[in-house]
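Report on the structure
Here is how the chains run, residue by residue.
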Amino acid sequence: MNTPHLDDALLQRVLRDDTLHLPEVEAHLEQCAECRARLEHLSGADEFRAEFEASVESEEQTARAILQPTSDPGCIGTLGKYAVRQWIATGGTSTVWLAVAPGSDSIVALKVLQPLLAIQKDHRARFVREAQAAMRLKDPHILPLLEVEANHSPPFLVMPFVDGGTLQDKLQAGPLPAEEVVRIGRAVAQALVAAHGAGIIHRDIKPSNILLSSSGEVLLADFGIARAFDGATLLTQTGSFLGTPQYMSPEQAAGERELGARTDLFSLGAVLYQCCTGTAPFSGMSFQELARSVQESAPVPIKQVQPTTPLWLENLISHLLAKQPADRPASAADVLRAFEQQADLGRLDAGQMLGGAAKWRMMTARWLRRAVVLMTLAMIVLLWTERTGRTSFVNAALCGLSGNAYYITGKWQTFGLLDEAIQAAAPNDVIEVRANDPATGRGGIKLRPGKPLTLRAAAGFRPVLPLQAAGFPALGVLESNFIMEGFVFNHVYRGPRPGRLLHVKGASLKLVNCRFVRQPRNPETLANTLSALIAGTDSPRIELVRCQFYAPGSPVIALISEQPEGRTEVVLKDSHVWGGAVFCDVKPPAHLAVTATGCEFSSSHVLHFKQAFPAKQLTADFQSNLIQSVGAAVVAPWPLEKVRPLMEWKGAGNEWYLPDGFLLTQDTRQPDLTSWSHETVSDRLAMPFDAQAFPTQSLSEEGLPIRRPKK
Amino acid sequence: MDPLLTRRTLLLRIRTPDDGGAWTEFVGLYEPLLRKYVLLRGVPLQDVEDVVQEVLKTVTQAIRKFEYDPERGTFRDWLFIVCRSHVTKYRRQNRTESFANEKVLEELAAEEKQADWDVEYRRRMFEWATERVRPLVQEKTWNAFWLTAVDDKSGPEVAATLGMSVGAVHVARSRIIARMREAIASATGEAYEQP
């Protein structure tokens, strides 16, 4: 040994610091097995290897597990009666092997179903059924299926082996020349003519399913298999979708179960697009993104990427990529003819390339033609002249025709129930309602995380949500940011404990121009303990703009926080509260900031902390409000000396009427705000808090009386 | 300063709502694993995301409420149980022709081999660690690791292929192994402590 052994401290430094480059250390390691072993040990290589043996082994090794052993030296195992020579590839659903058929010496490819899928009886049965149907197909451009080994476990398909590779391999090197694209397109179109004619839809046309033999043949493989596995074919080995371009049609992306033959035409279009430009037309970082992209966005026009592409081919590909199946070429035969004649299939409408919001802008002209039948001339004139009202007019017509009240702005569909609209909406969509008595559906308003939405009354409507049940859990459970505008919540309760109306969890809520009314069916039975109208659990922000609350005995907002550093901001603007406390707590957040501007509070308390006070800070900023509070404005169940440092109060321009003082703590009552701000409280005024005087006239009337004390 | 000891693991970090990055990381790590599992057990494509979200929700709620007890078994085992039960629940609620009765459901649940899950889980961990470590190191260093650790080639062979000294190959390989183990430990804090 030339140099002394390396000590652990040095080895650790070498491991930790990537920039450390010590040639003498490296030279020693080359010679000294002991130090190499030491370094390995310190890096944890043994544990690492033990843990990850399975993951670190290649796909091939894992796949080999299903082969039976063999004594034949040229083979790596047997599968059924076939002698397996070599592993070719593994995808999401299957592994492909090179094998030799018994008796003859013909080389075949065995496509073996993934064991995990094979054990699921209905998948297995479907696989076998689809494969057996595909066996009937005979066409020079369809890879024939020689055998379907249904009884083997796992089942597998036997196909002739095609030497050469797939279109996927070829595309690694970039886009193809136009003649090549035409050749491939023509061959696949012909294959589809045969398949569709036999009633078989491929469903999974992609470059790896298009084989290019070394003798120049183009063969389409894997018919019908995709149906058996839904999305499993989209998986990579480890389950990630990331960055994998796909060729599925919009209807497949939308999860449609019944697919027509034209879904294959779309996929063909996507493949040809990639052949021309070198990149797939749609991609996304997650399945959701990809699905959205496929359904709504238009791919970059081919001529921008590859201007040498013949115009007829570009038009044909665009035609194949139409979002609606009805807008694509009628059949594979038409596509084949287009390839043979090297001509496109007619005038193309750019609107067909788009979906969703983008489609609106393009489609109105086209829509008009269809709608002529339904609308009178006067309406059409209105449409053309009234630019800003155009979209809402269209929505109105659609709602009127369908009888559904809900729609998502910018999209075609209408919905009868709010549940359906929410289900169909994408994050940040705006759902509008054109009805005064909308139906919400059984579930009320349920918003899962990850789907922020706006729900708004359409212009000219004042939807009233009727809430009769006694003691139900919240009408609306909102776990994503939610904006609601223009609604009336009319809660007439019977039982002793009516529940919360909206509960927002971990998300923000904004209500604009909403009215909440809660009253007992029998005025004698005003309940003693009423839940708040709105509850927020760990909600970062609750904002109420131009809202009115008429709910004697019910607090408006209840705040709950489970977190030790919870923060909530409550903002009230131009709102009116008549009835219970503005706030109460269940478990207040540690940091609470309350802002009120231009509001009128005629309530029992403003801030009523029943069990605890905000642990870190309460900041209040009140500007230009009218506050009449029958009980103390702020109630805090702690001693004053604890409350004082935590409460910061800022106010200007408010009118205060506090018959019972400003602050009530566990041990004292503060009659005015002098400790906190320079504001003054007016002389004590008797203000009867009279539940019987609750206005009972019709709720649709605006301008309910506001009780101002006489000066 | 030992990074393993001072860094809080991902599982702990997702307890604090302020640490938004932790949640994103957590989901990024486990979502592909869950998705593959759910998909390969026959849940149709349009329902896969929902089921995965449900699993994630159960997991994070339990962690936040301290219901997951690291003393009683590894996170990997526990996640398997949660995932399997959600898939069973889905099957029960969406009885298709093959899931028509309880017996079939039980059979299917029994067929679930923990070993299969373990393999997938580790595979995902390895992939995830790769995603994090690979971009931070030089191409050559990474290749030295991959060729020796994964492709099982000998030190001198790799040294010749990459134009590095044999000693440098060993150093590179050990460094990456240490990084990968750190990355994984930072996620679960389990079983991958330094010797």
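Residues numbered from 1 in each chain as written. Chains lettered and ligands numbered in written order. Predicted model: local features only at pLDDT ≥ 70, side-chain atom pairs only at ≥ 80, totals over all residues. Heavy atoms only, no water.

Bringing the overall build of chain B into the picture now. Scanning chain B from terminus to terminus reveals 10 helices and 0 strands. Ordering the α and β elements of chain B from the N terminus gives α-α-α-α-α-α-α-α-α-α. Of the roughly 8900 Å² of accessible surface on chain B, 53% is carried by carbon and sulfur atoms. (Helix = DSSP H or I, 4+ residues; strand = E, 2+ residues; numbered from the N terminus. Areas by Shrake-Rupley, 256 points an atom, 1.4 Å probe, with all protein chains shown as cover.)

What follows is about the overall build of chain A. Looking only at helices and strands, one finds 21 helices and 37 strands in chain A. Going through the 711 residues of chain A one by one, you find that 54% of them count as buried. When contacts within chain A are restricted to residue pairs at least 6 apart in sequence, long-range pairs at least 24 apart make up 69% of them. (Buried < 20%, exposed > 50% of the residue type's maximum accessible area, 1.4 Å probe, protein only. Contact = heavy atoms within 4.5 Å.)

A word on the pattern of salt bridges. In total, this model carries 26 salt bridges over all chains according to the counting rule given. For the salt bridge of E565 of chain A with K616 of chain A, the shortest nitrogen-to-oxygen distance reads 2.4 Å. Residue E565 of chain A is located in the loop between strand 24 (557-560) and strand 25 (567-573), and its partner K616 of chain A is located in the loop between strand 30 (607-608) and strand 31 (617-623); the two are separated by 51 residues in the primary sequence. Between E182 of chain B and R179 of chain B there is a salt bridge, with the nearest N and O atoms lying 3.6 Å from each other. With a gap of 3 residues between them, E182 of chain B and R179 of chain B both fall in helix 10 (residues 166-188), about one helical turn apart. We classify E182 of chain B as buried; its relative accessible area is 10%. Because the salt bridges share partners, they merge into one network encompassing R541, E543, E569 and K573 of chain A. (Salt bridge = Lys/Arg side-chain N within 4 Å of Asp/Glu carboxyl O.)

A complete count under the given rule lists 25 aromatic pairs over all chains for this structure. Arranged with centres 5.0 Å apart and planes meeting at 90°, the rings of W649 of chain A and F662 of chain A form a pair that is edge-to-face. Taken together, the residues span a long stretch of sequence, with W649 of chain A in strand 34 (residues 647-652) and F662 of chain A in the loop between strand 35 (655-657) and strand 36 (663-664) at a distance of 13 residues. Using a relative accessible area of 6% as the deciding quantity, one classes W649 of chain A as buried. In this structure F662 of chain A comes out as buried when scored by relative accessible area, which is 0%. Pairing F126 of chain B with W146 of chain B gives two aromatic rings, centres 6.1 Å apart and planes at 45°, and the pair type is tilted. Residue F126 of chain B is located in helix 7 (residues 114-133), and its partner W146 of chain B is located in helix 8 (residues 139-150); the two are separated by 20 residues in the primary sequence. Of the residues examined, F126 of chain B reaches a relative accessible area of 5% and is grouped as buried. (Phe/Tyr/Trp six-rings, centres within 6.5 Å; stacked < 30°, edge-to-face > 60°.)

Residues and elements named next belong to chain A. The geometry of helix 2 (residues 23-31) relative to helix 3 (residues 33-43) is characterised by a closest axis approach of 5 Å and an angle of 110° between their N-to-C directions. As summarised for this structure, helix 2 and helix 3 are arranged roughly perpendicular, according to the angle between their axes. Here helix 2 contributes H28, L29, E30 and Q31 to the contact with helix 3, which in turn contributes A33, C35, R36 and L39. For the contact of helix 2 with helix 3, a count of residues per class yields 4 nonpolar, 2 polar and 2 charged. (Axes fitted to C-alpha atoms, helices over the stretch in contact; angles between N-to-C directions. Parallel < 35°, antiparallel > 145°, perpendicular 65-115°, else oblique. Nonpolar A, V, L, I, M, F, W, Y, C, P; charged D, E, K, R; others polar.)

Now for helix 9 (residues 178-197) of chain A. Residues and elements named next belong to chain A. An ideal rise of 1.5 Å per residue puts 28 Å on 20 residues; helix 9 measures up with 28 Å between its terminal C-alpha atoms. For helix 9, the complete set of buried residues consists of E180, V181, V182, I184, G185, A187, V188, A189, A191, L192, A195 and H196. Following helix 9 by one or two positions, G199 has its phi on the positive side, about 80°. (Expected span 1.5 Å × (residues − 1).)

Turning our attention to the sheet that holds strand 9 (residues 406-408) of chain A. Residue and element names in this part refer to chain A. Reading across from one edge, 10-9-11-13-16-19-22-25-28-31-34 is the order of the 11 strands in this open sheet, with mixed pairing throughout. The strands lining the two open edges of the sheet, one partner per strand, are strand 10 (414-415) and strand 34. One ladder, built from 4 bridges, connects strand 16 (residues 482-485) with strand 19 (residues 509-512); its direction is parallel. Bridge pairing links E485 to V512 in strand 19. (Pairing = 2+ DSSP bridges.)

With that settled, the discussion passes to the side chain of E31 of chain B. Position of E31 of chain B relative to the elements: it lies in helix 3 (residues 20-40). In contact with E31 of chain B, other than residues within four places in its own chain, are E49, V52, Q53 and L56 of chain B.

Residue and element names in this part refer to chain A. Taken together, the side chains of I88, I107 and F161 define a hydrophobic patch exposed on the protein surface, amounting to about 220 Å² of accessible area. Here F161 is to be found in the loop between strand 6 (156-160) and helix 8 (167-171). F161 sits in the partly exposed class, given a relative accessible area of 32%. (Patch = residues over 30% accessible without salt bridge, like charges linked within 9 Å, V, L, I, M, F, W, Y side chains within 5 Å.)

If you trace the backbone, F583 of chain A turns up in strand 27 (residues 583-587). Measuring from C-alpha to C-alpha, the distance between F583 of chain A and H605 of chain A comes to 7.9 Å, with 22 residues separating the pair along the chain.

All right, on to the pairing of strand 29 (residues 600-603) of chain A then. Residue and element names in this part refer to chain A. The two faces of strand 29 match: E600 and S602 on one face and F601 and S603 on the other face are all buried. Summarising the sheet, strand 29 and strand 32 (residues 626-629) pair through 4 bridges and their orientation is parallel. Its bridge partner being in strand 32, E600 is matched across the sheet by L626.

Moving on, we get to the confidence of the model for chain B. Residues and elements named next belong to chain B. Per-residue pLDDT for chain B averages 75, and the proportion of residues at 70 or more is 74%. Throughout residues 1-7 the model reports pLDDT below 50, and contacts reaching past four residues in sequence, or to other chains, amount to 9 contacts. Here residues 191-195 scores under 50 on pLDDT; set against residues more than four positions off or in separate chains, the count is 15 contacts. For this predicted complex, the interface confidence reaches an ipTM of 0.74, while the overall pTM sits at 0.45. (pLDDT = per-residue confidence, 0-100.)

Time to look at the side chain of H591 of chain A. Within the secondary structure layout, H591 of chain A lies in strand 28 (residues 591-597). When residues no more than four places from it in sequence are discounted, the contact partners of H591 of chain A are E565, G566, R567, T568, K616 and Q617 of chain A.

Residue and element names in this part refer to chain A. Counting 72 residues, the largest nonpolar core has L511, F516, L544, M647, W649 and F662 as its most contacted members. Residues within four places of L511 in sequence aside, it is in contact with M484, L502, F516, I534, E543, L544, V545 and C547. By size, the runner-up hydrophobic cluster in this structure holds 64 residues, among which are L137, L167, V271 and L290. (Core = buried A, V, L, I, M, F, W, Y, C linked by side-chain atoms within 4.5 Å.)

Right, let's talk about the environment of A261 of chain A for a bit. Residue and element names in this part refer to chain A. Residue placement: A261 occurs in the loop between helix 11 (250-253) and helix 12 (262-277). Expressed as a C-alpha distance, the spacing of A261 and A330, which sit 69 residues apart in the sequence, is 9.4 Å. Contacts of A261, omitting those with residues within four sequence positions, involve H196 and I201.

Right, let's talk about the packing of helix 5 (residues 75-93) of chain B against helix 7 of chain B for a bit. All names here are of chain B. Two elements in contact, helix 5 and helix 7, have axes whose closest approach is 10 Å; the angle formed by their N-to-C orientations is 115°. Between helix 5 and helix 7 the crossing geometry is right-handed. Residue-level inspection shows F75, R76, D77, L79, F80 and C83 of helix 5 in contact with helix 7, the latter providing Q114, W117, D118, Y121 and R122. Taken together, the residues that form the contact of helix 5 with helix 7 break down as 6 nonpolar, 1 polar and 4 charged. (Left-handed = near helix turned anticlockwise from the far one by under 90°.)

Bringing the confidence of the model for chain A into the picture now. All names here are of chain A. Residues of chain A with pLDDT of at least 70 account for 74%, and the chain-wide mean is 76. A low-confidence stretch, residues 228-244 (pLDDT under 50), is modelled with 51 contacts involving residues beyond four sequence positions or located in other chains. With pLDDT under 50 throughout, residues 356-390 is counted as low confidence; its partners more than four residues away or in other chains account for 38 contacts.

Mapped onto the elements, D17 of chain A comes out in the loop between helix 1 (8-16) and helix 2. Leaving out residues up to four positions away in the same chain, D17 of chain A has contacts with R175 and R179 of chain B.

Let us look at unusual backbone geometry. All names here are of chain A. Here R203, not a glycine, exhibits a phi torsion of approximately 80°, which is positive. Topologically, R203 is positioned in the loop between helix 9 and strand 7 (210-212). Non-glycine residue N428 carries a positive phi angle of around 70°.

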